Each structure stands twice: as structure tokens, then as C-alpha cells.
Amino acid sequence: MPIMPDATTAPAPPPRWTQDAALALVFLTRLPFPPLGPLNGPLAEGASARAMGWFPLVGALVGLAGGAVFAAAAALHLPPLAGALLALAATVRLTGGLHEDGAADVADGFGGGRDLARKLEIMRDSRVGSYGVLALVFSIGIRAAALAALPVPAAVAGLVAAGALSRCGLAAMARALSPARRDGLAAAQGRPATATVLLALVSGTAVAAVALGGLALPALAASLLAVVAVAALARRQIGGHTGDVFGAAQQVAEAAVLLTLSAFLGAVA
């Protein structure tokens, strides 16, 4: 006689990695993709920190969306700079300006604060000051100029690689630095494990290798140097990291990757 399943038995929770990957997608984008499983209990314990291991793959998807817009703009015979700006606008729309907002807050706090408390206070202020505006202008301008200098296939590949590489060092920063605040998103997230850091570095490097081939190594080096520079600045300015610092690191690293690609391809040309 067949045994009927117990109707009261709860379905098995999804594998932990699927929840971590989904949480990374939900956190970094505005896509209507709900996280898998409950965000509490043993399955979700440490999920925010573990999700950082999947940031590069989400970044690659964001870059791919921007690359598709750049290719479409080129097919419509739009000027390269216009295509580059449209591509960046698409990535900003997809992420909700998450990283740009962090970069602006860091610029305002580090540039306008006289002491630690004031710097952190300014970084929490939703208003954008002159330093923040300038940071956004330079971030968008530098990335757009670098993109516009690339041939269409290289620009598409560069956006995918930059999206991944600019996020692959964030887990290492979160492990190396302590949170600058006891409260806030960065403090609640926790410190990622070594395995999470390795997952982020390996996945980001793999995406870059596929997208860029021989240029993956200098692009990776540029991205990691950018993250180290921002981390060193954050340690000196506020003694640790915040969510805004992660955003600033991503912006600087993405610009570094795109500048590296434009420099190498320009030298070859």
C-alpha cells in the first residue's frame, strides 16, 4: 500500500547557495526577484555576508545589460559617447544607483567632515553636497570616456568584465576592515568567511578571463589596486568600512578596469 505524503510536512528548504545568490541579486539590483526561502533561521544565518561571494556574477549581468544598450546604440549609428552614456544609464537604472549613491556619500563625508563623527554623520545624510556631485560627474565622465574609446565588441566585453571585477574585491575589503559603525547595513552584514572571499575572486577572474582573454590579468590588477586604495583611504578617514565605502570602491574599480582596457587597446591601435 503506497504511503501518502504528510500534508503537514514543510517543503525542504532550497540549497543555501541558491538563497545566497538570490540575495545578492536582490541586494545589487532592482529586478523583481524575491529571495529563495525565509530570510531568517539557520538557512539565512550569515546570508548577507555569504552573498558577497556572488556579487561578481550579478555585476557581470549588470554589465551585460549595459553592453547590450551600447551595442544597440552603435547599431543605430549614435555617437560613441552617447552610446556610452546610455549604457551607463542602463546600469544605473538596473542597480538603482546603489554604488553611485555610496560614492557620492563617501566624497561628501571624507571631503567635508572635520572629525570621525562628522564624517559619518554627513555620509548618512541623504542630501548630496558639492563633493558628492563632483564625484558623480567624474565617475560617470571617466567611465563614459573610456567606453567611448573602445570598439563595440571590446566595450561590451569590458562592461561585463568591469561589472564582475569591480565587485570581486568587496568581500576581501569586508573581511580585512572592521565596520566603522556599530549599527548600519555593513555592521549587520557580518564578516565574510575566507571561502566567500575566494568565491568572489575566482568568479570575478573567471568572468574577466572569458570576456577579455589576455587582458584579464591587467584588468584584475587594476580593480584590486583600486579597492585597496579605497580601503586604505577609508581606514585612515573613518577607521573601517561602511556600505557607502563599498559603493565608492566599486565605482573606482570599475573606472580603473575601463581605463586599463582603453589604454591597452589604444596602445595596440
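Here's what I pulled together on the structure shown here. (Residues numbered from 1 in each chain as written. Predicted model: local features only at pLDDT ≥ 70, side-chain atom pairs only at ≥ 80, totals over all residues. Heavy atoms only, no water.)

### Some thoughts on the nonpolar core
Which entries qualify depends on this criterion: Remark: nonpolar core denotes a set of buried residues (Ala, Val, Leu, Ile, Met, Phe, Trp, Tyr, Cys) joined through side-chain atoms within 4.5 Å. The classification of residues rests on relative accessible area computed with a 1.4 Å probe and restricted to protein chains. Under 20% of the type maximum is buried, over 50% is exposed, and intermediate values are partly exposed. Segments assigned H or I by DSSP are reported as helices when at least four residues long, segments assigned E as strands when at least two residues long, and all are numbered from the N terminus. Residues are treated as being in contact if the distance between any of their heavy atoms lies within 4.5 Å.
Core analysis: the biggest nonpolar cluster contains 36 residues, and Met-52, Phe-55, Phe-110, Met-123, Met-173, Ile-238 and Val-245 have the highest contact counts within it. Counting residues per element, this core draws most heavily on helix H12 (residues 216-238), which supplies seven residues. What Phe-110 contacts, discounting residues up to four positions off in sequence, is Lys-119, Met-123, Leu-233, Ala-234, Gln-237, Ile-238 and Val-245. Core analysis: the next-biggest nonpolar cluster, separate from the first, contains 23 residues, Ala-84, Ala-87, Ala-161 and Leu-258 among them.

### Quick notes on helix H4 (residues 80-95)
Rules: For a helix, the expected span equals 1.5 Å multiplied by the number of residues minus one. This arc is built from the directions going out from the helix axis to the C-beta atoms.
With 16 residues, H4 should reach 22 Å at 1.5 Å per residue; the first-to-last C-alpha distance of 23 Å fits that figure. Within the sequence span of H4, burial applies to Gly-83, Ala-84, Ala-87, Leu-88, Thr-91, Leu-94 and Thr-95. Axial view of H4: buried residues confined to an arc of 135°, hence all on one face. Count one or two residues on from H4 and you reach Gly-96, which has phi positive near 70°.

### Here's the deal with empty space enclosed by the protein
Note the threshold: Here a cavity denotes grid points, spaced 1 Å and computed from the protein atoms alone, that fit a 1.4 Å probe unable to get out, and a pocket denotes an open set having protein on both sides within 12 Å along at least 5 of 7 lines; residues with an atom within 4 Å of a point are the lining. Grid points are joined across faces, edges and corners, and a volume is the space filled by probe spheres set on the points. Three classes are used, and their members are as follows: Ala, Val, Leu, Ile, Met, Phe, Trp, Tyr, Cys and Pro are nonpolar, Asp, Glu, Lys and Arg are charged, and the others, Gly among them, are polar.
For the coordinates displayed, the defined rule picks out one cavity of 30 Å³ or more. Of the voids in this model, the largest cavity is the one considered here, and its volume is about 110 Å³. Contributing to the lining of the largest cavity are 14 residues, with Val-62, Thr-91, Arg-167, Gln-250 and Glu-254 lying nearest its centre. Looking at the lining of the largest cavity, the elements with two or more residues in it are helix H3 (55-75), H4, helix H5 (98-112), helix H8 (152-168) and helix H13 (243-268). Of the residues in the lining of the largest cavity, the class split is two nonpolar, eight polar and four charged.

### Side note on the pattern of salt bridges
Condition: Counted as salt bridges are all cases of a side-chain nitrogen of Lys or Arg within 4 Å of a carboxyl oxygen of Asp or Glu.
Tallied over the entire structure, the rule returns five salt bridges. Glu-121 is the salt-bridge partner of Arg-118, the closest N and O atoms lying 3.3 Å from each other. Residue Arg-118 and its partner Glu-121 are both found in helix H6 (residues 116-124); the two are separated by three residues, about one turn of the helix. Taking relative accessible area as the criterion, Arg-118 reaches 37% and is therefore assigned partly exposed. Note that Arg-127 and Asp-125 form a salt bridge whose closest N and O atoms lie 2.7 Å from each other. Judged by its relative accessible area of 62%, Arg-127 falls in the exposed class. Exposure remark for Asp-125: the relative accessible area of 24% places this residue in the partly exposed category.

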